[in-house]
Amino acid sequence: MKLLIVEDEYRVRERIALGIPWEAHGIEVAGAVENGREAIAAMREAHIDIVVTDIHMPDVGGLELAKLLKRDHAHAKVIILTGYDQFEYARESIDQGVFKYLVKPAENELILDTVLKAKRLREQELYDHHNLSQLERRWKEHLPRLKELFYKNWLNGRYSGWELAKRSEEIGFSLQGKTLLSAVVDMDPTAGNDARFPSDERALLQFALFNIAKDVLAEKDAEDTALEAIALQDDDGMTAVIFVASSAAGGEALRLLADQQLGRLLGTVKDCLKLTASAGIGAEVTDPALLPVAYKQCRMALQERIVLGHETVIRYRHDVPPDASWLNMNDVEKEIEIAIDTGSESKRAELIAALMERGFSPGRQLADAKEMLLRITALLTRIVHAHGWGLRETLGADYEDFMNFNQLLTKEQLMTWLERMMARIGRSVAERRRSGTHVTVGEIMAYVEAHLGEEELSLYTVAAKLYINYSYASRIIKEVTGSSFSESVLRLRMEKAKALLAGGAKVYEAAEQVGYKHVNYFSKSFQKYWGVKPSDMQA
């Protein structure tokens, strides 16, 4: 639960932000700002649940802020702090949906108790909003879109093995005991003199074909009830079809039913649009991981309409390897990317062993081994380029060995080479990530040091000045320094004040130079931090 404090008086703002153990009560202080304008900016940056605000502030006052929040962030619970116990203010607070109206000086205990009540109400609202029945209803509404995304990603080979099993289970699609046959259907090129469908309206024709396919394939005859046909548009706008049958209903019977349905589809397209379409069919598979391979076959088969003519169903006619499982490397490749990114040595060793087993096991043909090696080098190159780097700068001294991969002679040499290259790329990723984070934190701290004399130094203000996302800035400051932004600012102020006092500055001069308008408040803060009074530090 996130809390925003809006108070133009620095001492009160710091007392509320730092003087109450918010984290112990499950509340994160997302920010402490000095006016309503900054509060509105903060609300846009982070999903804040509770706002504690003063009523009288420059620029945008508390009641005006409450009105704006009621309009744009109705979920937020607003608690008003004011030094005026007037009925008119209280009445307007109620009109603006304010949760509670507290009269200053409100003790920390009262503020904490009020915020906790607002927290409980917000939690109840969230529970009511996201209760099981509503989630189930929304899930059912969203399920068709989720299924479409699943089928598209599956056809394009974007899932690893575990992802495929997990995503299919989530949408209620069983992969067990199924025979799969894929097809792709596309409109044949139109004649140049066909005024009904100009060449720039190809997308419209493809969409029309897709809608006809959904209707036609949804119609079932008595003999094809065991066959399910799933239609979707692929990334190129063509209509992809996945025919699904039980393993017992596969084989020649599945191919005949698919041919019949595709023939009926092409006939309907011609009747409706007075144009022709063609279809390509791949090999049937029982391993769900091989469907992407079969779909590529569909597209290759469709290309043969140039030779065979239009308005036809074309089968993939080339031989299918009896064991093509090693071709589907998506799951291993994704895990390799993760292992390199996280720097896990044990995972790298496990994946290298899996690669060796797939491409270099006994009995594997030499051509297969060479193709696997090319695929590995392409994968590592793609990982490097995905970060926007070049191979030479990333691999350094290992670059020449990487480029001479074709000189590897044994399986053992390849394993050693692969471990070295993966480790080197992983180190580069880690080093550049750390370097970028430290540079950003350094910029933030440099800005703070240059502006220590300003009373208001909120992270929202600094992040906005440096064009950095507030949440990201908050996280990396904690990660690099071990302290929150406010703790880091306090440390810098106290260290500079100590140096100023030791150099002969008067107490009020030191207070002013580190951003304190009130000397008494500075003295209390200094004594609390260092354990001595400021006057004891003077030379």
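Scroll up a little and you will see the structure.
Residues numbered from 1 in each chain as written. Predicted model: local features only at pLDDT ≥ 70, side-chain atom pairs only at ≥ 80, totals over all residues. Heavy atoms only, no water.

S.K.: Go over the overall build of the chain with me, naming the residues and quoting the values.
M.R.: Check the secondary structure of the chain and you find 23 helices and 10 strands. Considering the chain as a whole, with its 539 residues, one finds that 45% of them fall into the buried category. Restricting to contacts in the chain with at least 6 residues of sequence separation, those with at least 24 account for 67%. Summing over all exposed atoms, the chain offers an accessible surface of approximately 28,000 Å²; the carbon and sulfur share of this is 53%. (Helix = DSSP H or I, 4+ residues; strand = E, 2+ residues; numbered from the N terminus. Buried < 20%, exposed > 50% of the residue type's maximum accessible area, 1.4 Å probe, protein only. Contact = heavy atoms within 4.5 Å. Areas by Shrake-Rupley, 256 points an atom, 1.4 Å probe, with all protein chains shown as cover.)

S.K.: How would you sum up the pairing of strand β6 (residues 178-187)? Please name residues and give values.
M.R.: The buried count for β6 comes to 9 of 10 residues, which makes it a mostly enclosed element. One ladder, built from 8 bridges, connects β6 with strand β8 (residues 239-246); its direction is antiparallel. Bridge assignment links Leu181 to a residue of β8, and that residue is Phe243. Note that β6 and strand β9 (residues 277-281) share 5 bridges and pair antiparallel. The residue bridging Met187 from the neighbouring strand is Ala277, located in β9. (Pairing = 2+ DSSP bridges.)

S.K.: Mind laying out the sheet that holds strand β10 (residues 313-315), listing which residues take part and the relevant values?
M.R.: Paired through backbone hydrogen bonds, the strands of a sheet run either parallel or antiparallel to each other. If you walk across this open sheet you meet the 5 strands as β7-β8-β6-β9-β10, and the pairing is mixed. Of all strands in the sheet, those bounded by a partner on one side alone are β7 (228-233) and β10. Sheet twist, expressed as the average angle between the axes of neighbouring strands with direction ignored, equals 25 degrees. (Axes fitted to C-alpha atoms, helices over the stretch in contact; angles between N-to-C directions.)

S.K.: Can you explain the environment of Gly36? Please cite residues and give values.
M.R.: Within the secondary structure, Gly36 sits in helix α2 (residues 36-45). Since its relative accessible area comes to 0%, Gly36 is described here as buried. Here the alpha-carbon distance between Gly36 and Gly62, two residues 26 residues apart in the chain, equals 6.9 Å. Other than its neighbours up to four places away in sequence, Gly36 contacts Val6, Met57, Val60 and Leu65.

S.K.: Please set out the packing of aromatic side chains residue by residue, giving values where relevant.
M.R.: Two aromatic rings, taken as a pair, are described by how far apart their centres are and by the angle between their planes. Taken as a whole, this structure holds 14 aromatic pairs when the rule is applied. Note on Tyr151 and Phe173: the rings are 5.7 Å apart at their centroids and 80 degrees apart in plane angle, and the pair reads as edge-to-face. Separated by 22 residues along the polypeptide, Tyr151 in helix α6 (residues 132-155) and Phe173 in the loop between α7 (161-170) and β6 bring together distant segments of the chain. We note that Tyr151, like Phe173, is buried. Consider the rings of Tyr516 and Tyr521, whose centres lie 5.9 Å apart with planes at 50 degrees: the pair is tilted. The exposure classification of Tyr516 matches that of Tyr521, with both residues buried. (Phe/Tyr/Trp six-rings, centres within 6.5 Å; stacked < 30°, edge-to-face > 60°.)

S.K.: Lay out unusual backbone geometry in plain terms, naming residues and giving numbers.
M.R.: Residue Pro105 is bonded to the preceding Lys104 through a cis peptide linkage, with omega at -5 degrees. Of note, Pro105 is situated in the loop between β5 (100-103) and α5 (108-129). Of note in this structure, Lys274 is not a glycine but carries a positive phi near 60 degrees. Along the chain, Lys274 falls in the loop between α9 (252-273) and β9. We classify Lys274 as exposed; its relative accessible area is 59%.

S.K.: Kindly report on the sheet that holds strand β2 (residues 28-33), identifying the contributing residues and their values.
M.R.: On the basis of which strands lie adjacent, the open sheet formed by 5 strands has the order β2-β1-β3-β4-β5 and parallel pairing. Each of the sheet's edge strands pairs with one partner strand only, and the pair in question is β2 and β5. Averaged over all neighbouring strand pairs, the angle between strand axes comes to 15 degrees, with direction disregarded. Here 4 bridges tie strand β1 (residues 2-6) to strand β3 (residues 50-54), and the two strands are oriented parallel to one another. Along β3, the bridge assignment pairs Leu4 with Val51. Each of β1, β2 and β4 (77-82) touches helix α1 (residues 10-18); the most contacted strand, β2, lies at about 175 degrees to it.

S.K.: Describe the side chain of Glu7, naming the residues involved and giving the relevant values.
M.R.: Structurally, Glu7 can be placed in the loop between β1 and α1. Within the structure, Glu7 has its side chain in polar contact with the backbone nitrogen of Glu9 (distance 3.0 Å). Excluding its chain neighbours within four sequence positions, the residues that come into contact with Glu7 are Val12, Arg13, Val33, Glu34, Asp54, Met57 and Lys104. (Polar contact = N/O pair within 3.5 Å; in protein donor to acceptor, adjacent residues only side chain to side chain.)

S.K.: Lay out the pattern of salt bridges with the relevant residues and their values.
M.R.: This model, assessed by the stated rule, comprises 29 salt bridges. Asp398 serves as the salt-bridge partner of Arg420, at 2.8 Å between the closest nitrogen and oxygen. With Arg420 in helix α17 (residues 411-450) and Asp398 in the loop between α15 (391-395) and α16 (399-403), this pair connects stretches of sequence that are 22 residues apart. Given the relative accessible area of 33%, Arg420 is considered partly exposed. Given a relative accessible area of 12%, Asp398 falls into the buried group. Members of the salt-bridge network, linked through shared partners, are Asp49, Lys77, Arg122 and Glu125. (Salt bridge = Lys/Arg side-chain N within 4 Å of Asp/Glu carboxyl O.)

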